[in-house]
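Notes for the structure review
What follows is the residue order along each chain.
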Amino acid sequence: MKSPYILIAAGLLGAAGTVYAGVDAPHSLMRRAYGTYNSQLKCWITKGGQLNRPHCMKPVSLDKVTVDGRKLSFLLVSGDEVDLSTRSVGGMGAHMSGGLVGMFVYSGPDSSPRIIAQEPKKELGSYGDSPKGKFVRLGPDRYGWQFENGFTGQGYTDSWLNFYTLQKNGMSQHFIHSLGNIPIYHDDSGAIEDENLVTVYAGKATIVKSDARDGFYPIHVTMDRQVKGKKLSPQHYEIRYSYGKGEYALPAGYPLEEQ
């Protein structure tokens, strides 16, 4: 479920430049990660996810930035489930099986990339479809990706944001690190017979590029609220990165923290 209420303002600053990945993606990296290119479907076919089904992998974005004086490329890839017999893509998976997302950070030229960190087959989304993702700046010298996930089940609709970034461990090795989930939307109208008693939380999130702590900018959420049919004034929340948890931590009183 892709909620129309979600609006993310997360522009890029500094030395970030975007390249259209459909043209300039490193095909050698795609081939190593996903195998042979399918010229009919115009994607790389690979199996993955909890059901190990084939997915049609395509580059989404390729962004080049400078981190700690080092030029790095951030490649985002996504793939929906594909039926190879009918050549139909997307919308065919089980409720809890997602699409695949590939996240790569590399140095050097696109023709011969040197991989710094990778997460080639992260399962995200539902019904075999991968979520929308985009490259974002998360701190003064911190970059990564943002995804919008959501689903409807038993009449309840929920959406949340996922963030991933390049992280370094104690051995100076890099990996793709999850920064946790931020619930952003909840609607129980499909489960409530009386529409006058419906509860809806609709959030708008913004990465605020100031006042960074522990290397991360805060995320501000403005939450429109309707509780059991009664419209309430919007609430504003600041979500900070927690060094102890290694992710963005929801503040006390955040209305969707248990969703």
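Our structure's up above, just so we're on the same page.
In what follows, the accompanying structure is described. (Residues numbered from 1 in each chain as written. Predicted model: local features only at pLDDT ≥ 70, side-chain atom pairs only at ≥ 80, totals over all residues. Heavy atoms only, no water.)

1. Quick look at the overall build of the protein
In plain terms, the rule: Numbering of helices and strands runs from the N terminus, with a helix taken as a DSSP run of H or I at least four residues long and a strand as a DSSP run of E at least two residues long. Burial here depends on accessible area, computed with a 1.4 Å probe over protein chains only, as a share of the maximum for the residue type. Under 20% is buried, over 50% is exposed, and the range in between is partly exposed. Only heavy atoms enter the contact rule, under which two residues are in contact if any of them lie within 4.5 Å. Here the accessible surface of atoms and residues is derived via Shrake-Rupley with a 1.4 Å probe, and residues count as covered only by protein chains that are part of the display.
Within the protein, the regular secondary structure consists of 2 helices and 17 strands. Sorting the 259 residues of the protein into buried and exposed places 46% on the buried side. Long-range pairs, those at least 24 residues apart, make up 56% of the contacts in the protein between residues at least 6 apart in sequence. Of the accessible surface of the protein, which amounts to about 12,800 Å², a share of 48% is contributed by carbon and sulfur atoms.

2. Observations concerning helix H2 (residues 27-34)
Residue pairs spaced three or four apart in an α-helix point in one direction, given the helix's 3.6 residues per turn. Among the residues making up H2, those that are buried are Ser28, Leu29, Met30 and Tyr34. Those residues of H2 that are buried are in contact with strand E4 (43-48), strand E5 (53-67), strand E6 (70-83), strand E8 (99-107) and strand E9 (114-124). Looking one or two residues beyond H2, the residue adopting positive phi is glycine 35, at roughly 90°.

3. Some thoughts on the packing of aromatic side chains
We apply this condition: Pairs were defined over the aromatic rings of Phe, Tyr and Trp, the Trp ring being its six-membered one, requiring ring centres within 6.5 Å. Orientation was assigned from the angle between planes: stacked under 30 degrees, edge-to-face over 60, tilted for the rest.
Taken as a whole and assessed by the stated rule, the structure comprises 13 aromatic pairs. Taken together, a centroid distance of 5.9 Å and an interplanar angle of 75° make the contact between phenylalanine 147 and tyrosine 164 edge-to-face. Note that phenylalanine 147 is positioned in strand E11 (residues 142-153) and tyrosine 164 in strand E12 (residues 156-168), a separation of 17 residues in sequence. Residue phenylalanine 147 shares its accessibility class with tyrosine 164, and that shared class is buried. With 5.8 Å between their ring centres and 75° between their planes, phenylalanine 151 and tryptophan 160 make a pair best called edge-to-face. Under the relative-accessibility criterion, tryptophan 160 is labelled partly exposed at 22%.

4. Some points on the pattern of salt bridges
Convention followed: We count a salt bridge whenever a side-chain nitrogen from Lys or Arg sits within 4 Å of a carboxyl oxygen from Asp or Glu.
Inspection of every chain in the model, using the stated rule, returns 5 salt bridges. The residue arginine 53 makes a salt bridge to glutamate 81 at a minimum N-O spacing of 3.3 Å. Separated by 28 residues along the polypeptide, arginine 53 in strand E5 and glutamate 81 in strand E6 bring together distant segments of the chain. Given the relative accessible area of 4%, glutamate 81 is considered buried. Measuring nitrogen to oxygen at the nearest pair gives 3.3 Å for the salt bridge that ties arginine 240 to glutamate 238. A network of salt bridges, in which partner residues are shared, links Asp211, Arg213, Glu238 and Arg240.

5. A look at the pairing of E11
What counts, and what does not: Paired strands, as defined in this entry, are two strands with at least two bridges between them according to DSSP.
Of all 12 residues in E11, 10 are buried, a share of seventy percent or more. Taken together, strand E10 (residues 132-139) and the strand that follows it, E11, pair antiparallel across an intervening segment of 2 residues. Of the pairings in the sheet, the one linking E11 to E12 comprises 10 bridges and is antiparallel in character. Each residue of the ladder has a partner; that of tryptophan 145, found in E12, is tyrosine 164. Linkage of E11 to E12, two consecutive antiparallel strands, is achieved through a turn of 2 residues, within which glutamine 154 is found at a positive phi near 55°.

6. Focus: the state of the cysteines
Test applied: When two cysteine sulfur atoms are found within 2.5 Å, that pair is recorded as a disulfide.
For the structure shown, the criterion picks out 1 disulfide. Bridging cysteine 43 to cysteine 56, the disulfide has an S-S length of 1.9 Å. Its S-S torsion of about -115° marks the bond between cysteine 43 and cysteine 56 as left-handed, since a negative value means left-handed. A residue pair is termed long-range when its members are at least 10 positions apart, and cysteine 43 in strand E4 and cysteine 56 in strand E5 qualify at 13 residues. Just as cysteine 43 is buried, cysteine 56 falls in that class too.

7. Comments concerning unusual backbone geometry
Even without being glycine, aspartate 68 reaches a positive phi, approximately 55°. Its location among the elements puts aspartate 68 in the loop between E5 and E6. Its relative accessible area of 68% is what places aspartate 68 among the exposed residues. A positive phi angle is found at aspartate 214, which is not glycine, with a value near 55°. Among the secondary structure elements, aspartate 214 is positioned in the loop between strand E14 (200-207) and strand E15 (219-227).

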